[in-house]
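Here are the chains, one letter per residue:
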Amino acid sequence: MSVSTAAADQSVCTPLPVLGRDVTVPLVTGGEVSYAALDYAASAPALQCVWDDVAAYAPYYGSVHRGAGYLSQLSTDLFENARKTVAEFLGCRPADQVIFTRSTTDSLNLLARAIPADCEVFVFETEHHASLLPWQDARVTYLDAPRTPRQAVETLERALAGRDPYGPALVCVTGASNVTGELWPVRELAAAAHAHGARIVLDAAQLAPHHPVDLRDLDVDWIAFSGHKLYAPFGSGVLAGRADWLQAAEPYLAGGGASRRVTRRQDGGVAVEWHETAARHEAGSPNVIGAYAIASACKALTEAGWDTLVAREQHLIAKVREGLAEVPEVRVLSLFGDDAPRVGVLSFVVEGWNSSHFAAALSAEYGIGVRDGLFCAHPLVRTLLGSDPQTQGECGAPEAAPGEKSLNAIRVSFGAGTPDEHVERFVNAVRELVAEGAKWQYRTEDGRCVPAV
């Protein structure tokens, strides 16, 4: 099966067809409106062509690798061809492995289990929790938030210069921030890592849906990303890159599929010979539909043309930034400054507003879905808001009642499926809420700000 899409014919001003584009939602003020999904950084809607490909395959669903029947053979071919498609999408080297996982979080936890026992890990405090937290069992150096791309490279170079030059080391860095959308200097960071004998893994969860990501061009050792941010359904992810640490490590999960040969020992136990391919870390029945959906999304984005996709997104970014700049009460959060290149992710706070209250009003009164909270990047958001990084807070939930001071922000994010009307409605809603206030009363319920009934 192949992806059939007219994406390549899309113009800069035309969004790619996605699921949910015709969904209407009720407003507390009365009536309905088409839903403006502006939370792509959490989960992007599935491309229509991806969903169509999955639906076309569904009747042929079968077990993979171990079935003799036609549907099993078909599913096995489809699963392994999906692996090849992802490898091409990422520009993998011939010896690299592509492992299908559940998500970016799962991918980085897998790699954390595979690093050598004496490995030193270097990670900026600005990372999403998926790339900040998996290294707890290693020797970890957390690096302070840089304020320029150059400072990021210099900070890493200083840290690496002080490490044991003979032991293994790993740098983990994001490609694009899930809070500010700013692009990180991945090539320069990779060069610094390799100059000091370290390896580097790229968290591409927010980069891969917006820009081409080429493992060889960026010169990184591994790339991790999630299907649900790449316009594929939930529950699939990828870890791709060098095979040696992965082959040397114990399987991420023990079970069928990861084992090549299992025998009884004379002492009554079992002896296991594990696969050295990607199957070593894919125990159990794999998510064939998830892998196929990722491959379908990779093909669709490639066919649409990255130049066209990037140009269109920059057009939307300009609309949002120009609109927010006209509202003095709005402060957009940034590490690297207003001129830093970014993807379609922006976070901000509004003077006089609790961010959860503002986000709730956008949803209930305008049918606009954004995110509020700390975005599973607590240290970074606390740094940007100028608060104590040790202050406790619950990810994605307000910490005070509407109208009270609370440590959280609002995030708007968009991508290939976003029509101009959605960002225009968002900007107009921000202006109106700041100028006139909310039209409805709100209260806190189960940690969320919701319309009062």
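Data block above holds the structure.
Just so it is clear, the structure is predicted and the values come from calculations on it, not from any experiment.

Definitions and cut-offs
- Residues numbered from 1 in each chain as written.
- Predicted model: local features only at pLDDT ≥ 70, side-chain atom pairs only at ≥ 80, totals over all residues.
- Heavy atoms only, no water.
- Salt bridge = Lys/Arg side-chain N within 4 Å of Asp/Glu carboxyl O.
- Helix = DSSP H or I, 4+ residues; strand = E, 2+ residues; numbered from the N terminus.
- Buried < 20%, exposed > 50% of the residue type's maximum accessible area, 1.4 Å probe, protein only.
- Phe/Tyr/Trp six-rings, centres within 6.5 Å; stacked < 30°, edge-to-face > 60°.
- Contact = heavy atoms within 4.5 Å.
- Expected span 1.5 Å × (residues − 1).
- Pairing = 2+ DSSP bridges.
- Axes fitted to C-alpha atoms, helices over the stretch in contact; angles between N-to-C directions.

Another aspect to go through is the pattern of salt bridges. The full count for this structure, using the stated rule, is 21 salt bridges. Residue Arg448 is joined to Asp372 by a salt bridge in which the shortest nitrogen-to-oxygen separation is 2.7 Å. Taken together, the residues span a long stretch of sequence, with Arg448 in strand E19 (residues 448-451) and Asp372 in strand E16 (residues 371-373) at a distance of 76 residues. For Arg448, a relative accessible area of 31% puts it in the partly exposed group. In this structure, Glu432 and Lys439 form a salt bridge, with 2.7 Å as the shortest nitrogen-oxygen distance. Lys439 gets classed as partly exposed once you look at its relative accessible area, which sits at 48%. Several salt bridges share partner residues, and in doing so they unite Arg199, Asp221, Arg242 and Asp244 into one network.

All told, the structure shown has eleven aromatic pairs when counted by the stated rule. Ring geometry for Tyr40 and Tyr231: centres 6.1 Å apart, planes at 70°, overall edge-to-face. Of this pair, Tyr40 sits in the loop between strand E3 (36-37) and helix H1 (48-57) while Tyr231 sits in the loop between strand E9 (222-226) and strand E10 (237-241), and the two are 191 residues apart along the sequence. Residue Tyr40 is classed as buried on the basis of its relative accessible area, which comes to 5%.

Quick look at the environment of Val98 now. Tracing the backbone shows Val98 in strand E4 (residues 97-101). Since its relative accessible area comes to 4%, Val98 is described here as buried. Taking the C-alpha atoms as reference points, Val98 and Ala360, 262 residues apart in sequence, are found 40 Å from one another. In this view, Val98 contacts Arg83, Val86, Ala87, Cys92, Val238, Leu239, Ala240, Ala278 and Glu282; residues no more than four positions away in its chain are not counted.

This part covers helix H13 (residues 420-436). Across its 17 residues, H13 extends 24 Å between first and last C-alpha, which sits within 8% of the 24 Å expected from 1.5 Å per residue. Burial in H13 covers these residues: Asp420, His422, Val423, Arg425, Phe426, Val427, Ala429, Val430, Leu433 and Val434. Looking at the residues trailing H13, positive phi occurs at Gly437, about 80°.

Strand order across the open sheet formed by seven strands is E4-E10-E9-E8-E7-E5-E6, with mixed pairing between neighbours. The open sheet has two edge strands with one neighbour each: E4 and strand E6 (139-143). Direction aside, the axes of adjacent strands within the sheet are offset by 20° on average. As defined by bridge partners, E4 adjoins E10 across five bridges and the pair is classed as antiparallel. Within E10, the residue paired with Ile99 across the bridge is Leu239. Across the face of the sheet, helix H2 (residues 70-90) comes into contact with E4, E9 and E10 while running at roughly 115° to E4. Each of strand E5 (120-124), E6 and strand E7 (169-174) is contacted by helix H5 (residues 149-161), which is oriented at about 160° to E5, the strand it contacts most.

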